[in-house]
Amino acid sequence: MTAKTATAAQTTSASGLVSVIAIAALGLGVIFVAGHVQAATLHDAAHDVRHATGFPCH
Amino acid sequence: MFVTPPASPATEPVFTRLLTSALFAGAAAGLIIALLQLFFVQPVLLHAELYEGGELVHFGSDSNVTATPELPGFDAVRDGLSIVFTMLIYSGYAMVLVALMSLAETRGAAINARTGLIWGVAGFVAVHLAPGFTLAPEVPGVAAADVYERQVWWFATVLTAAIAMWLIAFSRNWAGWGAAVVLLLAPHVIGAPEPEVFTGPVPTEIGALFASRALGIGLAAWVMLGAFAGFFWSRESEAAGQTQTA
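Residues numbered from 1 in each chain as written. Chains lettered and ligands numbered in written order. Predicted model: local features only at pLDDT ≥ 70, side-chain atom pairs only at ≥ 80, totals over all residues. Heavy atoms only, no water.

Novice: For this particular structure, what's the right way to read the overall build of chain A?
Specialist: Scanning chain A from N- to C-terminus turns up two helices and zero strands. Buried positions account for 43% of the 58 residues belonging to chain A. Of the accessible surface of chain A, which amounts to about 2900 Å², a share of 76% is contributed by carbon and sulfur atoms. (Helix = DSSP H or I, 4+ residues; strand = E, 2+ residues; numbered from the N terminus. Buried < 20%, exposed > 50% of the residue type's maximum accessible area, 1.4 Å probe, protein only. Areas by Shrake-Rupley, 256 points an atom, 1.4 Å probe, with all protein chains shown as cover.)

Novice: Sorry, what's going on with the overall build of chain B here?
Specialist: Secondary structure summary: chain B contains seven helices and zero strands in total. Along chain B, helices and strands appear, N-terminal first, in the series α-α-α-α-α-α-α. For chain B, the spread of C-alpha atoms along the three principal axes comes to 80 × 55 × 30 Å. Buried residues in chain B amount to 43% of all 246 residues. At a minimum sequence separation of 6, the contacts of chain B that also span at least 24 residues come to 81%. With an accessible surface of roughly 13000 Å², chain B has 68% of that area assigned to carbon and sulfur atoms. Side chains of chain B give 8 positive and 17 negative charges; the mean places of these two sets differ by 19 Å. (Contact = heavy atoms within 4.5 Å. Lys, Arg positive; Asp, Glu negative; His and termini not counted. Charge placed at Lys NZ, Arg CZ, Asp CG, Glu CD.)

Novice: What exactly am I supposed to notice about the interface of chain A and chain B here?
Specialist: It is common to report an interface's size as the accessible area lost on association of the parts. In this assembly, 32 residues from chain A lie in contact with 37 residues from chain B. Summed over both sides, the interface between chain A and chain B buries roughly 3100 Å², with carbon and sulfur atoms accounting for 73% of that surface. When the buried area of chain A at its contact with chain B is split by residue, Ile23, Asp48 and Pro56 of chain A rank highest and sum to 19% of it. The tally of links between chain A and chain B comes to one salt bridge. (Buried area = accessible area lost by both parts, 1.4 Å probe. Salt bridge = Lys/Arg side-chain N within 4 Å of Asp/Glu carboxyl O.)

Novice: Just to check I follow, could you spell out the environment of Glu149 of chain B for this structure?
Specialist: Residue placement: Glu149 of chain B occurs in helix 5 (residues 147-170). What makes Glu149 of chain B partly exposed here is its relative accessible area of 44%.

Novice: Sorry if this is basic, but what is going on with helix 5 of chain B here?
Specialist: Spacing of three or four residues puts side chains on the same side of an α-helix, whose turn is 3.6 residues. All names here are of chain B. Relative to the 34 Å expected for 24 residues at 1.5 Å per residue, helix 5 spans 34 Å between its end C-alpha atoms, a close match to the ideal helical length. Listed as buried for helix 5 are Val147, Arg150, Gln151, Trp153, Trp154, Thr157, Val158, Thr160, Ala161, Ala164 and Met165. The N-cap residue of helix 5 is Asp146: its side-chain oxygen and the backbone nitrogen of Tyr148 are 3.3 Å apart. (Expected span 1.5 Å × (residues − 1). Polar contact = N/O pair within 3.5 Å; in protein donor to acceptor, adjacent residues only side chain to side chain.)

Novice: How should I be thinking about a nonpolar patch on the surface in this particular structure?
Specialist: A contiguous nonpolar patch, built from Phe32 and Val33 of chain A together with Phe155 of chain B and spanning about 250 Å² of accessible area, is present on the exposed surface. In this structure, Phe155 of chain B sits in helix 5. (Patch = residues over 30% accessible without salt bridge, like charges linked within 9 Å, V, L, I, M, F, W, Y side chains within 5 Å.)

Novice: When you look at helix 4 (residues 113-134) of chain B in this model, what are you seeing that I'm missing?
Specialist: Residue and element names in this part refer to chain B. The terminal C-alpha atoms of helix 4 lie 31 Å apart, and with 22 residues this matches the ideal 32 Å at 1.5 Å per residue to within 8%. Within helix 4, burial applies to Gly116, Trp119, Gly120, Gly123, Phe124, Val125, Ala126, Val127, His128, Ala130, Pro131 and Gly132. Put simply, Asn112 is the residue that caps the front of helix 4, since its side-chain oxygen is 3.0 Å from the backbone nitrogen of Arg114.

Novice: When you look at the side chain of Ser21 of chain B in this model, what are you seeing that I'm missing?
Specialist: Residues and elements named next belong to chain B. Within the element layout of this structure, Ser21 appears in helix 1 (residues 14-40). Residue Ser21 is classed as buried on the basis of its relative accessible area of 1%. Only 2.6 Å separates the side chain of Ser21 from the backbone oxygen of Arg17, close enough to count as a polar contact. The contact partners of Ser21, leaving out residues within four places of it in the chain, are Val98, Phe232, Trp233 and Glu236.

Novice: Could you clarify how one ought to interpret the pattern of salt bridges in this entry?
Specialist: Working definition: two side chains of opposite charge can pair if their charged atoms are close together. Evaluated as defined, the whole model comprises three salt bridges over all chains. Measuring nitrogen to oxygen at the nearest pair gives 2.8 Å for the salt bridge that ties Arg150 of chain B to Glu138 of chain B. Of this pair, Arg150 of chain B sits in helix 5 while Glu138 of chain B sits in the loop between helix 4 and helix 5; the two residues are twelve residues apart in sequence, bridging distant segments of the chain. Judged by relative accessible area, which is 13%, Glu138 of chain B ranks as buried. Each of the salt bridges in this network shares a partner with another, and the network as a whole consists of Asp48 of chain A together with Glu49 and Arg78 of chain B.

Novice: How should the packing of aromatic side chains be read in this particular structure?
Specialist: Within a pair of aromatic rings, the relevant descriptors are the distance that separates the centres and the angle that separates the planes. Within this structure, the stated rule accounts for twelve aromatic pairs over all chains. Residues Trp154 of chain B and Phe155 of chain B carry aromatic rings whose centres are separated by 5.1 Å and whose planes lie at 85° to one another, so their mutual orientation is edge-to-face. Ring centres of Trp174 of chain B and Trp177 of chain B lie 5.0 Å apart, and the angle between their planes is 85°; this geometry places the pair in the edge-to-face category. You can see Trp174 of chain B and its partner Trp177 of chain B sitting in helix 6 (residues 174-190), three residues apart, about one turn around the helix. Overall, Trp177 of chain B belongs to the partly exposed group, its relative accessible area being 28%. Here a set of aromatic residues connected by ring pairs shows up, and it is made of Phe32 and Phe55 of chain A together with Trp154 and Phe155 of chain B. (Phe/Tyr/Trp six-rings, centres within 6.5 Å; stacked < 30°, edge-to-face > 60°.)

Any functional reading would require information beyond the geometric quantities listed.
Next comes the structure, spelled out in C-alpha cells:
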C-alpha cells in the first residue's frame, strides 16, 4: 500500500475526512429511513415517534 | 468462536471510533428519550387519536366532553416499535453529531461531555426549535399541508439552521454571524406549507400540550445526546492518542 509511505498525520487526516463524510451520510440515511420515508409499513411502525419528534407526518 | 478484541481503540480506524461513539451515545440517549416520550408524550397522542378517529367530538352545542378520558395503556408491540425507532433516529443524529464534532476538533475545538452540552443545545435548535417555530410538532388529526412539501421545508430549515449554528459557533467575523441570522430567519420569512382550511377535530388544548411536550422532550434529548456524544468521542480519542504516543 502506498499509503504506508505517507506520514502518519497525512494518513489520519485523509482517511479521517472520508470516515467523517461516511458516518454523516450513514446517519442521514438512518434519519431519512426511520423518520421520513412514507412507505406504509415504515410509517405505521414509526408513527408515534415521528409525531413525538416533530417530523412532518401523514 | 470468540476472538480477543484489539487491545486498544488506536488500532481501530477512525470510522470505527466514530461509529462506536455514535452508537453508544445514540442508544443511551434514545432509550431514555423513548421512555420519557412514552410517559409524557404518548398519552397526549392517544388522547388526540380519540378525536382523530371520531370517538370523541368536542364541538357542538352540548360540548361537555371529559378532558380526562380512559386511554389505552401500554401496548407491547406499538410502544416497543416506538422504543426501537427512537433509538434508531437518535443513533442517526449521533452519527451526524459525532462527525461534526470530530471535524471541529481538527480545527481546535475541545470536545468532551461538558462542551457536548452546548452542541446538544445547538442541535436542538437546528432540528426541533427551528422547524417547530413555523411547523409546530403536530398531534395526529390536525389539518396540515401535503406531507412531501412539508418534508422539503423541514429538511431545508434544519439544514439552514444547522449551518447557522456552526457559523455562530465558529465564525470570527460579522459576515459569518450576519449570514447565520439570514439563514435562521429565511425559512420563516418565506413560510412553510400551510393547510388551506382548518379541519382538525382535535381540541386546541391537546395540540398545544403536545407541541410543548414534544419540544421539551426534544431539548432533554439533545442535551443528553450532545453530552453522551462528547463523552464517548473524547474517550475514544483519548484512548487512541495514548497508544500513538506510547
